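# Coordinate analysis (summary)
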Amino acid sequence: MKKTKLILLALSALCIGKVQAQEIQTDTAKNWKIHGENTFLINQSSFSNWAAGGVNSFAGNIVLNYDFNYKKEKWSWDNKVIAAYGQTFQKDVDWRKNDDRVSLSSLLGHEAKENWLYTFFLNFNTQFAKGYNYTTNNKELISEAFAPAYLSFGPGFAYKKSDNLKFNLSPAAARFVFVKNDSLATTYGLDQGKNSRFEFGASFDAYYKKQIMENVTIENILKLYSNYLDKPKNIDIDYTATLAMKVNKWISVNAGVQLIYDDNTKLPKIENGVQIGSKSDLQVKQILGAGITYKF
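Worth saying up front: this structure is predicted, and the values here are computed from it rather than measured.

### Brief notes about the side chain of Ser226
If you trace the backbone, Ser226 turns up in strand 11 (residues 216-227). There is a polar contact of 2.5 Å between the side chain of Ser226 and the backbone oxygen of Pro232. With residues up to four places along the chain from it excluded, the contact list for Ser226 reads Phe200, Gly201, Ala202, Pro232 and Ile235.

### Some thoughts on the confidence of the model for the protein chain
Confidence along the protein chain averages 88 in pLDDT terms, with 88% of residues attaining 70 or more. Within the model, pLDDT remains below 50 along residues 1-26, and this stretch shows 0 contacts once partners closer than five positions in the same chain are excluded.

### Notes on the packing of aromatic side chains
Scanning the model with the defined rule gives 19 aromatic pairs in all. With 5.7 Å between their ring centres and 45° between their planes, Phe124 and Phe146 make a pair best called tilted. Taken together, the positions of Phe124 in strand 5 (residues 116-126) and Phe146 in the loop between strand 7 (140-143) and strand 8 (149-162) put the pair 22 residues apart, joining distant regions of the chain. Ring pairing ties together the aromatic residues Tyr66, Phe68, Trp250, Tyr294 and Phe296, which thus form one cluster.

### Looking at the pairing of strand 5
As paired elements, strand 4 (residues 94-113) and strand 5 share 11 bridges and run antiparallel to each other. Bridge pairing links Ser103 to Asn125 in strand 5. Linking strand 4 to strand 5, which pair antiparallel, is a turn of 2 residues; within it Asn115 sits at a positive phi near 75°. Where strand 5 and strand 8 come together, 10 bridges link them in antiparallel fashion. Note that in strand 8 the partner of Asn125 across the bridge is Tyr150.

### Here's the deal with the sheet that holds strand 5
The 12 strands lie next to each other as 1-2-3-4-5-8-9-10-11-12-13-16, forming a closed barrel whose pairing is antiparallel. Averaged over all pairs of adjacent strands, the angle between strand axes in this sheet comes to 20°, irrespective of strand direction. Direction of pairing for strand 10 (residues 196-213) relative to strand 11: antiparallel, over a ladder of 12 bridges. Of the residues in strand 11, the one forming a bridge with Met213 is Val216.

### Some remarks on the side chain of Asp99
With respect to the element layout, Asp99 can be found in strand 4. In this structure the side chain of Asp99 is engaged in a polar contact, spanning 3.4 Å, whose partner is the side chain of Arg101. Within the local environment of Asp99, its side chain forms a polar contact with the side chain of Lys285, the two groups lying 2.6 Å apart. Non-local contacts of Asp99, meaning those with residues more than four positions away in its chain, are made with Asn61, Ala84, Tyr85, Gly86, Lys285 and Ile287.

### With respect to the pattern of salt bridges
Note on pairing: side chains with opposite charge can pair once their charged atoms come close. Going through the model one piece at a time under the given rule, you end up with 14 salt bridges. For Lys209, the salt bridge goes to Glu37, with nearest N and O atoms at 3.7 Å. One end of the pair, Lys209, is in strand 10; the other, Glu37, is in strand 1 (residues 32-45), and 172 residues separate them in sequence. Take Lys209: its relative accessible area is 25%, and that puts it in the partly exposed class. In this structure, Asp100 engages Lys97 in a salt bridge whose closest nitrogen and oxygen atoms are separated by 3.0 Å.

Rules and cut-offs
The written sequence of each chain sets the order in which its residues are numbered from 1. Reporting in this predicted model follows two pLDDT cut-offs: at least 70 for local features of residues, and 80 or more for side-chain atom pairs to be given and counted; totals over whole chains, interfaces and linings ignore these cut-offs and use all residues. Based on all heavy atoms of the structure, the side-chain values leave hydrogens and waters out of the count. Counting from the N terminus, the helices are the DSSP runs of H or I reaching at least four residues and the strands are the DSSP runs of E reaching at least two. For the purposes of these results, a polar contact is taken to be a pair of N or O atoms within 3.5 Å, where, inside protein, one atom must be able to donate a hydrogen and its partner to accept one; residues adjacent in sequence count only when each atom of the pair is a side-chain atom. Whether two residues are in contact is decided by their heavy atoms, any of which lying within 4.5 Å being enough. On a scale of 0 to 100, pLDDT captures the predictor's confidence in every residue. The aromatic pairing rule takes the rings of Phe, Tyr and Trp, using the six-membered ring of Trp, and pairs them if the centres are within 6.5 Å, calling planes under 30 degrees apart stacked, those over 60 edge-to-face and the rest tilted. Should DSSP find at least two bridges between two strands, the strands are regarded as paired. Lines fitted to the C-alpha atoms define the axes, with helices restricted to the stretch that makes contact. Angles between their N-to-C directions range from 0 to 180 degrees. The term salt bridge refers to a side-chain nitrogen of Lys or Arg lying within 4 Å of a carboxyl oxygen of Asp or Glu. In this scheme, a residue with accessible area under 20% of its type's maximum is buried, one over 50% is exposed, and one in between is partly exposed, where area comes from a 1.4 Å probe on protein chains only.

Take a look at the structure:
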């Protein structure tokens, strides 16, 4: 009899534990909002006996854009991951990279009052593969994985109206610039022979996504940084705008532009196919294509 009671008690405890575990898992799942987009874009042109002339070309791009957002009581934790890579092909010049980026953003916040939070942020940016300058007679290596890479973090405060409208300001943000390839160190503002540089300044991040009409949305990401230790008035700018036009459940047309300005990044100055120096300048990247998009 005692043995039977013990067995019943053990089974009851097991069932209660299982129910409680399920409740904890369910409650935890409710605290997370996870969604993302996987997009494959294609852009192609072909000519044959075309009197006006033209160059056969093909471009393919993959873009992964994920959000992992957590909210419980006064705490929130927003995470965004963007990974993109693309290649373009033109007759006589073979394959060349046309997009390559890895961006990780994380923002931990504690509610101060409605829509306002005390925060701690972390951003990381780099690329996957080697990049070359093709404007000279011989292609020149100008970037690769962790050359450069940017890591910034610090405390601050944020305004968050929703997951689609928020900004964060950190007046005490540390930033590290990494360049693992010694030959590229001076290109990104590092001293010769150095593989990293420490900066301390102010960081501003803003995110805004809006449906501007039926099946058409625009996503804006802005990052600003001022280095107190060196020319604080020269503000680094990184702005990305992506316009997505939904055709049906699977097909979409995407257009994107990214603008970057960093006075520490020296771009080659070319005349008649020969590099005669380097200078800082506005960097512009544009992508347009139609393809398949899977959202979850």
